[in-house]
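This is what each chain is made of:
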Amino acid sequence: MVLLGNRQAERADGPACILAIGTANPANCVRQDEYADYYFRVTKSEHLTELKAKLNRICHKSAIKKRYFHHTEELLQGHPEIINRTLPSLNARLDITATAVPELAAAAATSAIAEWGRPVADITHLVVSTYSAAHMPGVDHRVASILGLDPSVRTTMLYVKGCSSASTMLRVAKDMAENNRRARVLLVCAELTLIMFRAPHEDHVETTITQALLGDGAGAMIVGADPEDSEERPLFEMVAASQRTIPETTHGAVGQFMEDGFLFCPSFEMPALILENIEQCLLDALRPLGFNGGWNELFWAVHPGGRAILDNMEEALQLEPEKMAASRYVLSEYGNMSGPTVIFVLDEIRRRHDEHQGLGVMMAFGPGVVVETMILHACNTASRTNPAYSE
Ligand SMILES: CC(C)(COP(=O)(O)OP(=O)(O)OC[C@H]1O[C@@H](n2cnc3c(N)ncnc32)[C@H](O)[C@@H]1OP(=O)(O)O)[C@@H](O)C(=O)NCCC(=O)NCCSC(=O)CC(=O)O
């Protein structure tokens, strides 16, 4: 049939590539060694001395130096309901994130588009992910409007995917780019911890861990196959993508929108779950490509959910310390920004290009518990395609 005859021609020839990366953070920066003082002051909770000592212990062990936040002391003072756990505050939080999330997302996207160098009119697909905003129309439409994307752009919105969201978006973008010749997919992930900021409480230790580790940020990437020789410089080829759910771990990372904001509870077991399951997840992803180990031959872009998670990955796979350097650097400079964090890690890896060549693994963990794995090939401008993976 004529209608079906062009399917092959509609598909791209080559694998999808990451063509540009952009990141953005809000201006308010808080040093981790001052965070407990800051947090107990702004929440008017100085009397909870044991909890403050606990937060100080966690901050000290977090391997984080500083984090960025959209909310400031002044903003919180103007919204006492956000600090008072007994008052409903979801409306106030969503009113703020309705503009703040698209603006931060658009800042990261603008930086990616500037690096890419082509007109915004050439963007054919937009994929956006967040759990910090929930409106209709969604953040995708607001970002498209700020950036002035073409009205024909095909938008997709992913909500409440936790820390694996950017990896999920990349997996989706790979399929979009490879199945639509000349598609150029802009993907953007933005999170603001204002949606979950809470005062400390003795009965809720999970509040302490999220306040100690999470920060605000946005990451954006442009993905497309068959790069235009004259205009585009691929950074990474996306060789293969997979997702695996670790059985019976639904409790590992859970979240729910409540009257007083988004309640996010990473379980104490997260680091142990990673330690026990990571090698099997990797073997499942890499065996079809003929790879059976030799983890130190690869570069690593791992979501730094927490210092203990990186420590356990290193131990489970017997990785040399420099393999986690980019993930540890991002954790130290920004904290765990949920989904966007792994985009910052990839950005850091391409900056350290000399240390990260050949094949590598991008990994992120999210609610499920799911492990998203993508095999990447770092491109260099002299030879764009890895002969091992080109037909
Ligand atoms: C928090 C840590 C830096 C603490 O370092 P250590 O484990 O070396 O130190 P430690 O065992 O002495 O713990 C210090 C204090 O932290 C507390 N603590 C540890 N894990 C906790 C948790 N999940 N919830 C609440 N408290 C926790 C301990 O009880 C202890 O309190 P006390 O001192 O009172 O005894 C580390 O455990 C870590 O990196 N954990 C991983 C955090 C995590 O799950 N991140 C994923 C977020 S979710 C994500 O990224 C993906 C997603 O969306 O799903």
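Residues numbered from 1 in each chain as written. Predicted model: local features only at pLDDT ≥ 70, side-chain atom pairs only at ≥ 80, totals over all residues. Heavy atoms only, no water.

(A) Highlighting the site of the ligand. Among the 27 residues in the neighbourhood of the ligand, the closest are listed as Lys 54, Arg 57, Lys 61, Cys 163 and Arg 307. In the model, an oxygen atom of the ligand is placed 2.6 Å from a nitrogen or oxygen of the Arg 57 side chain. Here Ala 308 contributes a backbone N or O atom positioned 3.0 Å from an oxygen atom of the ligand. Listed by contribution, the elements that provide at least two residues to the shell around the ligand are α4 (49-61), α10 (205-213), β10 (261-266), α11 (270-286), α12 (307-317) and β12 (358-366). Ranked by the residues each element gives to the shell around the ligand, the list is headed by α4, at 4 residues. When the residues that make up the shell around the ligand are grouped by side-chain class, the tally is 15 nonpolar, 8 polar and 4 charged. (Near = heavy atom within 4 Å. Polar contact = N/O pair within 3.5 Å; in protein donor to acceptor, adjacent residues only side chain to side chain. Helix = DSSP H or I, 4+ residues; strand = E, 2+ residues; numbered from the N terminus. Nonpolar A, V, L, I, M, F, W, Y, C, P; charged D, E, K, R; others polar.)

(B) Representation of the pairing of strand β1 (residues 16-24) in the model. Within β1, 8 of the 9 residues are buried, which leaves the element mostly enclosed by the surrounding structure. In this structure, β1 lies alongside strand β7 (residues 217-225), joined through 8 bridges in antiparallel fashion. Residue pairing for β7: Ala 16 is matched across the bridge by Ala 225. Note that β1 and strand β8 (residues 236-245) share 2 bridges and pair antiparallel. The residue of β8 that forms the bridge with Cys 17 is Glu 237. (Buried < 20%, exposed > 50% of the residue type's maximum accessible area, 1.4 Å probe, protein only. Pairing = 2+ DSSP bridges.)

(C) Just the packing of aromatic side chains, in detail. Summed over all chains, the structure comprises 12 aromatic pairs. Of the aromatic side chains, those joined through ring pairs into one cluster are Tyr 35, Tyr 38, Tyr 39, Phe 40, Phe 69 and Phe 197. Over the face of the ring belonging to Tyr 334 we find Lys 66, whose NZ or CZ atom lies 5.7 Å from the ring centre. (Phe/Tyr/Trp six-rings, centres within 6.5 Å; stacked < 30°, edge-to-face > 60°. Lys NZ or Arg CZ within 6 Å of the ring centre and 35° of its normal.)

(D) Structural view of the nonpolar core. Residues Trp 295, Trp 300 and Met 313 are the most contacted members of the largest nonpolar core, which totals 54 residues. With 8 residues, α11 is the single largest residue contributor to this core. When residues no more than four places from it in sequence are discounted, the contact partners of Trp 300 are Leu 282, Trp 295, Met 313, Leu 317, Leu 319, Lys 323, Ile 349, Val 361 and Met 363. Formed by 36 residues, the second largest nonpolar core is a distinct cluster that contains Ala 166, Val 330, Phe 344 and Ala 378. (Core = buried A, V, L, I, M, F, W, Y, C linked by side-chain atoms within 4.5 Å. Contact = heavy atoms within 4.5 Å.)

(E) Focus on the sheet that holds strand β5 (residues 154-159). Strand order in this open sheet of 9 strands is β5-β4-β6-β7-β1-β8-β13-β12-β11, and the pairing throughout is mixed. The open sheet has two edge strands, β5 and β11 (299-302), and neither has a second partner. Adjacent strand axes in the sheet meet at a mean angle of 25 degrees, parallel and antiparallel pairs treated alike. In this sheet, strand β13 (residues 370-378) lies alongside β8 in antiparallel orientation, the contact comprising 9 bridges. Counted as the bridge partner of Phe 236 is Ala 378 from β13. Helix α9 (residues 165-179) rests against β1, β4 (125-130), β5, β6 (185-191), β7, β8, β12 and β13 of the sheet, and its axis sits at about 170 degrees to β6. Across the face of the sheet, α12 comes into contact with β11 and β12 while running at roughly 145 degrees to β11. (Axes fitted to C-alpha atoms, helices over the stretch in contact; angles between N-to-C directions.)

(F) Local environment of α11. Here α11 contains 17 residues, and its C-alpha end-to-end distance of 23 Å stays within 8% of the 24 Å for a straight helix at 1.5 Å per residue. Of all the bends in α11, the greatest measures close to 50 degrees and is centred on Asn 277. Buried within α11 we find Met 270, Pro 271, Leu 273, Ile 274, Ile 278, Cys 281, Leu 282, Leu 283, Ala 285 and Leu 286. Of the surrounding elements, those touching the buried residues of α11 are β8, β11, α12, β12 and β13. (Expected span 1.5 Å × (residues − 1). Bend = angle between axes of the 7 residues up to and from the residue.)

(G) Representation of a negative patch on the surface in the model. Among the surface-exposed residues, Glu 320, Glu 322, Asp 354 and Glu 355 lie close enough to one another that they form a single negatively charged patch. Note that Glu 322 resides in the loop between α12 and α13 (325-334). According to the relative accessible area criterion, Glu 322 is partly exposed, its value standing at 45%. (Patch = residues over 30% accessible without salt bridge, like charges linked within 9 Å, V, L, I, M, F, W, Y side chains within 5 Å. Areas by Shrake-Rupley, 256 points an atom, 1.4 Å probe, with all protein chains shown as cover. Salt bridge = Lys/Arg side-chain N within 4 Å of Asp/Glu carboxyl O. Lys, Arg positive; Asp, Glu negative; His and termini not counted. Charge placed at Lys NZ, Arg CZ, Asp CG, Glu CD.)

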